[in-house]
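Reading the structure
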Amino acid sequence: MINSDFYRIDELLTDEQRLIQQTVREFTDREVKPIMEDYAQRAEFPRHLVRKFGEVGVFGSTLPAEYGGGGSDYISYGLICQEIERGDSGMRSTVSVQSSLVMWPIYQFGSDEQKQKYLPRLATGELLGSFGLTEPDFGSNPAGMKTHFTDEGDYYLLNGSKMWISNSPIADLAVVWARNEQGRVQGLLVERGMEGFTTPEIHNKWSLRTSATGELVFDQVKVPKDNLLPHAMGLTAPLQCLDNARYGISWGAIGAAIDCYETAVRYAGERIQFDKPIGAFQLTQKKLAEMLTEITKAQLLSWRLGVLKNEGRATTAQISMAKRNNVDMALNIAREARQVLGGMGITGEYPIMRHMMNLESVITYEGTHDIHLLILGADITGIPAFK
Amino acid sequence: MKILVCITNVPDTTAKITFAESDTKLNKTGIQFIIGPYDDYALARAVELKEQNGGTVTVLNVGEAEGEPQIRKALAIGADDAIRVNAEPTDSYFVASQIAHIAQQNNYDLILMGRESIDFNSGVVHGLVGEMLGIPSFSPVMKLDIEGSTAKFAREIDGGKEYMEAPLPLVFGCQEPIADWKIPNMRGIMTARTKPLQVVEPVAVDDMAINEKYTQPAAKGECKMIPVEDVEKLVTLLRTEAKVL
Ligand SMILES: Cc1cc2nc3c(=O)[nH]c(=O)nc-3n(C[C@H](O)[C@H](O)[C@H](O)COP(=O)(O)OP(=O)(O)OC[C@H]3O[C@@H](n4cnc5c(N)ncnc54)[C@H](O)[C@@H]3O)c2cc1C
Ligand SMILES: Cc1cc2nc3c(=O)[nH]c(=O)nc-3n(C[C@H](O)[C@H](O)[C@H](O)COP(=O)(O)OP(=O)(O)OC[C@H]3O[C@@H](n4cnc5c(N)ncnc54)[C@H](O)[C@@H]3O)c2cc1C
């Protein structure tokens, strides 16, 4: 057994958190890992897993049980992300979007009727959701968004488009952020089947191939008034959702890193060159030692952030630091691990290249690597350098 | 229907086993404990039977407090309540006596165990418990259905399977494929928190056995190649070195 919990973070967890981690690890080993390579090569989303995710209860795990949630804490949510991303970042993305970007805003900003109507069915995976913030011309700068709606008395009329939306081609429901007539950002629940609403898929991605990504196009869509989130006003609402998702990503990336690290350790022990296992050479050992060091640092960062999050004290800048550091860490480990495997590292026999390509999305979505740097810079100096 | 499932708290199957205290105890540092894999099958079938026929599932472990995470896991998988007999499980007779004592007070229709623990591997506790309670016990059982007050089940035997029926109450030692292995879900884990776990003290039982010492299996030796013409040398070595003839 390869020990990727070098500082015994395990001992910082409660029995319940440990059981959740073990459970999701077992689930990933059994249901996710064995099929990822095949689905990634075919660039297909394993639709059947949505129900299974629902059964094991990873959707909306932090929400109360009355809405189908698990009622667990944020460290448990982090561990869920970590264990699923050991399997594949695309699957973790599905869980992040459903939990933090669809269920959480409905729970936080929705009416009682909206919560009753959607949350239990999202929790079981009967419904799959997506989150539409990014637009073709507004990525890092969502404040510029153009998608908007007008009040037509009986309904809202929605126009505009969203780009790069995870789950969009298959989702039953989209949480869409758009401007009202006063120019303020609000959230609308747009359901598949509404007239004028289409979701073209983005093809030929080299990254997150197991996750479906697409557009949300709104051409005079009549959205019932009951579908407006009553308690979300202004851009801070979607940004709060992103805080939750990014927090989970900081843990998730550790999962991808661990999978790469463990693969490299195993391979280094087995592959013989110059009559020795390549793990016997100092240069290989340097790679492995540095990987374990970086994983350990990232684990401590996320665990402490989890404690702060549970206490309701984690700030946006703290979350930016963990997301930025941990995804970059994972990407570097994937690249180093790929080298340890030599030519084998580029094949689908091993998960490393898939993780590496996935992480190229993870380092860009939910705030790019550089944008998180600027968020930290603004926090340190008090001077935003975005514009 | 009242079902009792007896679970062991055993080292993970991939754990590296070493000994402590002059080889009289398992060295537990760094070892992850799990529910015995056969007990897991018993539990999974119990939960399925409860779903089909109604009733309750109680889990029982004879062991110390360190095993409680495994008991909570069993509750998360679907058992309704749990009993822990607070004692170090030192030998099969002791464990069976504790289980029988609990069973006598509760009138279970079914007592499900694993075919064997995966540390001592004796495979005797179910037999002992059946004897102590004066009810039949069967093992290893790989198929089990309940119709009214009758159990219909199949047992793995040499070269085939044996199909049987018997009236409840019964004791079974279970193995795959009696049920699909279950993993808990998040909601189960959260509700397990509030399910009752009763800790009771053991009844006095004479020690029937004392563990003197554990040893590791001998390390795999180097493979000696003996040419075909040297059959005699092979026989001698098998006699004097390997001591298998
Ligand atoms: C696979 C995938 C899934 C996604 N899923 C979703 C989803 O579900 N929902 C959703 O709303 N969005 C989603 N996105 C969109 C994602 O959040 C955006 O891609 C991201 O915010 C970056 O926006 P952009 O691609 O328009 O890049 P741009 O904003 O155009 O950035 C391009 C480059 O310029 C840099 N840059 C931009 N502004 C500055 C500045 N002020 N100073 C310095 N550098 C700057 C960036 O760091 C980056 O390197 C997804 C993206 C991908 C790739
Ligand atoms: C090296 C070593 C270390 C051990 N360390 C621990 C320890 O740290 N903590 C600990 O709790 N136990 C420990 N045990 C005890 C062991 O887990 C068994 O509980 C006990 O020894 C009975 O073993 P058996 O082979 O006779 O059971 P078997 O007859 O093979 O078991 C058959 C079935 O009986 C039931 N059963 C057996 N034992 C129990 C039990 N104790 N409680 C409930 N149901 C049971 C199970 O359903 C099991 O599948 C250790 C054993 C060994 C060899």
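For the structure itself, look to the data block above.
The notes below deal with the structure included here. (Residues numbered from 1 in each chain as written. Chains lettered and ligands numbered in written order. Predicted model: local features only at pLDDT ≥ 70, side-chain atom pairs only at ≥ 80, totals over all residues. Heavy atoms only, no water.)

What follows is about the site of ligand 2. All names here are of chain B. Neighbouring ligand 2 are 30 residues; Lys28, Asp39, Ser92, Phe120 and Gly123 lie closest to it. Within the side chain of Asp39, an N or O atom sits 2.4 Å from an oxygen atom of ligand 2. A distance of 2.7 Å separates an oxygen atom of ligand 2 from a polar backbone atom of Val124. Isolated, ligand 2 exposes 910 Å² of accessible area, and the fraction of that covered by the protein chains is 95%. (Near = heavy atom within 4 Å. Polar contact = N/O pair within 3.5 Å; in protein donor to acceptor, adjacent residues only side chain to side chain. Areas by Shrake-Rupley, 256 points an atom, 1.4 Å probe, with all protein chains shown as cover.)

Overall, the coordinates contain 17 aromatic pairs over all chains when judged by the stated rule. When the ring of Trp104(A) is compared with that of Phe109(A), the centres are 5.8 Å apart and the planes differ by 85°; the resulting orientation is edge-to-face. Summarising the burial analysis for this pair, Trp104(A) and Phe109(A) share the class buried. Here Phe153(B) and Phe172(B) contribute two aromatic rings whose centre-to-centre distance is 4.7 Å and whose plane-to-plane angle is 65°, an arrangement assigned as edge-to-face. Here Phe153(B), found in strand 10 (residues 150-157), pairs with Phe172(B), found in strand 12 (residues 170-174); they are 19 residues apart in sequence, far enough to count as distant. (Phe/Tyr/Trp six-rings, centres within 6.5 Å; stacked < 30°, edge-to-face > 60°. Buried < 20%, exposed > 50% of the residue type's maximum accessible area, 1.4 Å probe, protein only. Helix = DSSP H or I, 4+ residues; strand = E, 2+ residues; numbered from the N terminus.)

What follows covers a nonpolar patch on the surface. On the surface, a nonpolar cluster with roughly 410 Å² of combined accessible area is contributed by Phe6(A), Tyr7(A), Leu12(A) and Leu300(A). You can see Leu12(A) is positioned in the segment before helix 1 (15-41). (Patch = residues over 30% accessible without salt bridge, like charges linked within 9 Å, V, L, I, M, F, W, Y side chains within 5 Å. Salt bridge = Lys/Arg side-chain N within 4 Å of Asp/Glu carboxyl O.)

In the contact formed by helix 1 of chain A and helix 2 (residues 68-77) of chain B, the axes pass within 11 Å of each other and the chain directions differ by 60°. Here helix 1 of chain A is positioned oblique relative to helix 2 of chain B, judged by the angle of their axes. In the packing of helix 1 of chain A onto helix 2 of chain B, the handedness of the crossing is right-handed. From helix 1 of chain A, Asp15(A), Leu19(A) and Glu26(A) reach across to helix 2 of chain B, where they touch Pro69(B), Arg72(B), Lys73(B) and Ala76(B). Counted by class, the contact of helix 1 of chain A with helix 2 of chain B contains 3 nonpolar, no polar and 4 charged residues. (Axes fitted to C-alpha atoms, helices over the stretch in contact; angles between N-to-C directions. Parallel < 35°, antiparallel > 145°, perpendicular 65-115°, else oblique. Left-handed = near helix turned anticlockwise from the far one by under 90°. Contact = heavy atoms within 4.5 Å. Nonpolar A, V, L, I, M, F, W, Y, C, P; charged D, E, K, R; others polar.)

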